[in-house]
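These are the residues of each chain, in order.
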Amino acid sequence: MNIQELREHRQYPDNIGHETNRATFERDYSRLIHSPTFRRLQGKSQVFGAGTGDYYRTRLTHSLEVAQIAREAARSLLRAYPALSAEAAEHPGLIIDPEVVECAAISHDFGHPPFGHKGEEVLQHILNNLIDEKVRETMQNRNAAPEEEEAIRREMRHKYEHFEGNAHNFRLMMFLEKRENIDGLNLSDAVLLGTNKYPFPGTENVKGLYRHEWQYISHIRDLWGMPAGKKTFEAQLMDLCDDIAYSAHDLEDGIKAGKIEVHEHFLFDSHIQRLIVEKILTLDDFFWEGWALEGIRVKVEEVLTSFLNIWNAKMPICDHDYSRTRREVKAYWVSLFVGSLGVVEDGNWKKVTFVKEGREDKDMLRTVSVLKSFAWVTMIRDLRVQRLQKRSAWIIKRLWDAFVDPVTSKSIIPGDWLRRFDRDQRRRDPIWTWEHMIIDYIAGMTDAYAEKIYNELYGLKVGTIYDMD
């Protein structure tokens, strides 16, 4: 196959019917936009709970904003680097197609469970506890020696796997969504690899894919000749645009909500700055390697000073209108970051990143990191957000308790999920255990739907038999 054929190839033959006038990636975009999973993003939290106001971002509006930034960034890069076009490139992974990048951005948060990162954390914890429990049971039943524990743990990890939002992305796109007589949306290989931010199996990297999806993804990576651990240009660009949107847009939401105040007393508060530094110290980003605490503190102060200066410069231009200023400051940062994108060598591969004078601009990467961390510590650690997260953790744990027993819960799980599970168990190598099917079911819920089922099960609010599930 030539480069374009490799990129447009799909896992299954594509029955396009009368769609012959639409190009491959246009069909991918339509399938993503019209999928139930995309619609459910409107009911999933970004930072503030979905439904807490008509202004704040949800996963849906965040994904649309990332897609817009990514499409424009792709077009800008193509103007600056003509060699990245499909016609000029010599490798299928070193191409930037705005349509592919937009598709990847639209779908990049498909796998997020209800209640944002807290939901992801709780589902991970549930599966880890399950594996610990199964290891203990197996060791007792086999009278296994202590040195056998690690082998048993690997066996259980292989069986029950893990939960992670990026891995669940692919579970949705390649298995849970439905299209005619096949599982998944049957997207093109270019879009699948463009969405794959963590090109590893879950056995190697906690953010890696589940076995079933990795089997096909690793196959097409081999066909494309992708170096181990490297991402396509389109995946790199989508990932950077997600960070750009997060660093600018979540700060705008925080200012609107009153969680962030743009003045010296707030921005230069020693407690706030210390929280940002502590957050950065937990990150595993290469551009902070070797940075001591004091150096990070100086960088944090520098970025926040710049944020305040830009705000003060925009305020009179916006006629001292707080709302206009907030939007213009957001636009300034997005424009600065997108205008700094470029391509550099990366060992045996190439890298889309911030570029200054022909080299990777690590200082710009650190600026984005500081703004993201600033948004995190001022909002995620907010008192009321923490209370909401406490409640959401309780809801997810109780839903798990209600569904995990296959004997008692079959009467309260939708029939299409049960039929799908039975069909899967007839495979030679089933994808699901009962427990992971339940994890996937909970992960697909919106915030409101999870609350609804919780209330029905635990008596806080009785539903009606005419409610549609």
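Residues numbered from 1 in each chain as written. Predicted model: local features only at pLDDT ≥ 70, side-chain atom pairs only at ≥ 80, totals over all residues. Heavy atoms only, no water.

Examining the overall build of the protein chain
To be explicit about the condition: Only runs of H or I of at least four residues qualify as helices and only runs of E of at least two qualify as strands under DSSP, and these elements are numbered from the N terminus. Only C-alpha atoms enter the radius of gyration; for comparison, a globular chain is expected to reach 2.2 Å times N to the power 0.38, where N is the number of residues. A 1.4 Å probe rolled over the protein chains alone gives each residue an accessible area, and that area as a share of the maximum for its type sets the label: buried under 20%, exposed over 50%, partly exposed in between. Each accessible area is a Shrake-Rupley result for a 1.4 Å probe, and residues are judged covered by the shown protein chains and nothing else. By the counting scheme adopted, Arg and Lys are positive, Glu and Asp are negative, and His together with the chain ends is not counted. Taken as the charge centre is NZ of Lys, CZ of Arg, CG of Asp or CD of Glu, depending on the residue.
The helix and strand tally for the protein chain stands at 20 helices and five strands. Relative to the compact-globule value of 23 Å for 469 residues, the protein chain shows a C-alpha radius of gyration of 23 Å, a close match. Counting only C-alpha atoms and orienting by the principal axes, one finds that the protein chain spans roughly 65 × 55 × 55 Å. Every one of the 469 residues in the protein chain was classed for burial, and the buried ones make up 52%. Accessible area for the protein chain stands at about 22300 Å²; split by element, carbon and sulfur atoms hold 49% of it. For the protein chain, the separation between the mean place of its 64 positive charges and that of its 74 negative charges on side chains is 3 Å.

Section: the pattern of salt bridges
The criterion, for reference: A pair is scored as a salt bridge if a Lys or Arg side-chain nitrogen falls within 4 Å of a carboxyl oxygen belonging to Asp or Glu.
Within the structure shown, the criterion is met by 36 salt bridges. Here Arg71 and Glu102 are joined by a salt bridge, their closest N and O atoms 2.7 Å apart. You can see Arg71 sitting in helix α4 (residues 59–80) and its partner Glu102 sitting in helix α5 (residues 98–107), a full 31 residues away along the chain. Exposure remark for Glu102: the relative accessible area of 12% places this residue in the buried category. Taking the shortest distance from any N to any O, the salt bridge between Glu164 and Lys207 comes out at 3.8 Å. Of this pair, Glu164 sits in the loop between α7 (149–160) and α8 (165–176) while Lys207 sits in the loop between α9 (189–195) and α10 (211–224), placing them 43 residues apart in sequence. Note on Glu164: relative accessible area 2%, which makes it buried. The class for Lys207 is partly exposed, based on a relative accessible area of 32%. Ionic contacts of the salt-bridge type, sharing partners, join the residues Arg10, Asp14, Arg27, Asp28 and Arg31 into one network.

Points about the confidence of the model for the protein chain
Here is the rule we go by: Known as pLDDT, the predictor's confidence for each residue is given on a scale from 0 to 100.
Taken residue by residue, the protein chain gives an average pLDDT of 91. The fraction at 70 or more is 94%. At the low end of the mean pLDDT range in the protein chain sits strand β1 (residues 178–179), at 86; at the high end sits α9, at 98.

Digging into the state of the cysteines
Applicable threshold: Disulfides are defined as pairs of cysteine sulfur atoms found within 2.5 Å of each other.
On inspection of all chains with the given rule, the structure shows zero disulfides. Not engaged in a disulfide, the cysteine Cys103 finds its nearest cysteine sulfur in Cys241; these two sulfurs lie 14 Å apart.

Things to note about the pairing of strand β4 (residues 349–356)
Selection rule: The pairing criterion for strands is at least two bridges between them, as found by DSSP.
With six bridges joining them, strand β3 (residues 341–346) and β4 adopt antiparallel strand pairing. Across the sheet, Val343 pairs through a bridge with Val352, a residue of β4. In terms of strand pairing, β4 meets strand β5 (residues 359–360) through two bridges, oriented antiparallel. From the neighbouring strand, Val355 faces β5, where its bridge partner is Glu360. Where β4 folds back onto β5 in an antiparallel hairpin, the turn is made up of two residues, including Glu357, whose phi is positive at roughly 55 degrees.

What to know about the side chain of Asn196
Filter applied, for reference: Whether two residues are in contact is decided by their heavy atoms: any pair within 4.5 Å suffices.
Within the fold, Asn196 resides in the loop between α9 and α10. On the accessibility criterion, Asn196 (3% relative accessible area) is buried. Leave out the neighbours within four places in its chain, and Asn196 touches Phe170, Leu209, Trp214, Ile217, Lys231 and Ala235.

Structural notes on helix α20 (residues 447–458)
Keep this limit in mind: By this rule the span expected of a helix is its residue count minus one, scaled by 1.5 Å.
Spanning twelve residues, α20 covers 17 Å between terminal C-alpha atoms, matching the ideal 16 Å at 1.5 Å per step. Along α20, the residues classified as buried are Asp447, Ala450, Ile453, Tyr454 and Asn455. Summarising the contacts, the buried residues of α20 are in contact with α17 (383–403). At the C-terminal side of α20, Gly459 shows a positive phi close to 80 degrees.

Observations concerning the packing of aromatic side chains
Keep this limit in mind: Within 6.5 Å between ring centres, the rings of Phe, Tyr and Trp (the latter by its six-membered ring) count as paired, and their orientation is classed by plane angle as stacked under 30 degrees, edge-to-face over 60, tilted in between.
A full pass over the atoms with the stated rule returns 15 aromatic pairs. A ring pair is formed by Trp288 and Trp291, whose centres lie 5.3 Å apart and whose planes are at 90 degrees; its orientation type is edge-to-face. On the basis of an interplanar angle of 65 degrees and a centroid distance of 5.4 Å, the ring pair of Phe403 and Tyr441 is categorised as edge-to-face. Of this pair, Phe403 sits in helix α17 while Tyr441 sits in helix α19 (residues 434–443), and the two are 38 residues apart along the sequence. Summarising the burial analysis for this pair, Phe403 and Tyr441 share the class buried.

Things to note about the environment of Phe266
Mapped onto the elements of the fold, Phe266 is located in helix α12 (residues 264–267). Take Phe266: its relative accessible area is 14%, and that puts it in the buried class. What Phe266 contacts, discounting residues up to four positions off in sequence, is Lys259, Ile260, Glu261, Ile272, Phe374 and Thr378.

Quick notes on unusual backbone geometry
The backbone phi angle of Asn186 is positive, close to 55 degrees, even though this residue is not glycine. Along the chain, Asn186 turns up in the loop between β2 (182–183) and α9. Residue class for Asn186 comes out buried when judged on its relative accessible area of 5%. Backbone geometry at His320 places phi at a positive 55 degrees, although glycine is not the residue there. Mapped onto the secondary structure, His320 falls in the loop between α14 (293–317) and α15 (322–339).

Considerations on the packing of helix α6 (residues 116–142) against α7
The angle between the axes and the distance between the axes are what describe a pair of packed helices. As a reminder of what qualifies: Here an angle of 0 to 180 degrees is reported between the N-to-C directions of two axes, which are lines fitted to C-alpha atoms, with helices fitted over the stretch in contact. Note on angle classes: values under 35 degrees are labelled roughly parallel, values over 145 roughly antiparallel, values of 65 to 115 roughly perpendicular, and the remainder oblique. The handedness criterion is simple: a crossing whose near helix is rotated anticlockwise from the far helix by less than a right angle is left-handed, and one whose near helix is rotated clockwise is right-handed.
At a closest axis distance of 9 Å, the pairing of α6 and α7 adopts a crossing angle of 130 degrees. What the angle tells us is that α6 and α7 run oblique. The two elements α6 and α7 meet at a crossing, and its hand is right-handed. Together, Leu127, Asn128, Leu130, Ile131, Asp132, Lys134, Val135, Thr138, Met139 and Arg142 of α6 and Glu149, Ile152, Arg153, Glu155, Met156, Arg157 and Tyr160 of α7 make up the contact between the two elements.

As for the sheet that holds β3
Strands sit in the order β3-β4-β5 across an open sheet of three strands; the sheet is antiparallel. What marks the edges here is a single partner per strand, and that holds for β3 and β5. The sheet strands contacting helix α11 (residues 233–256) are β3 and β4, and the helix crosses β4 at an angle near 30 degrees.

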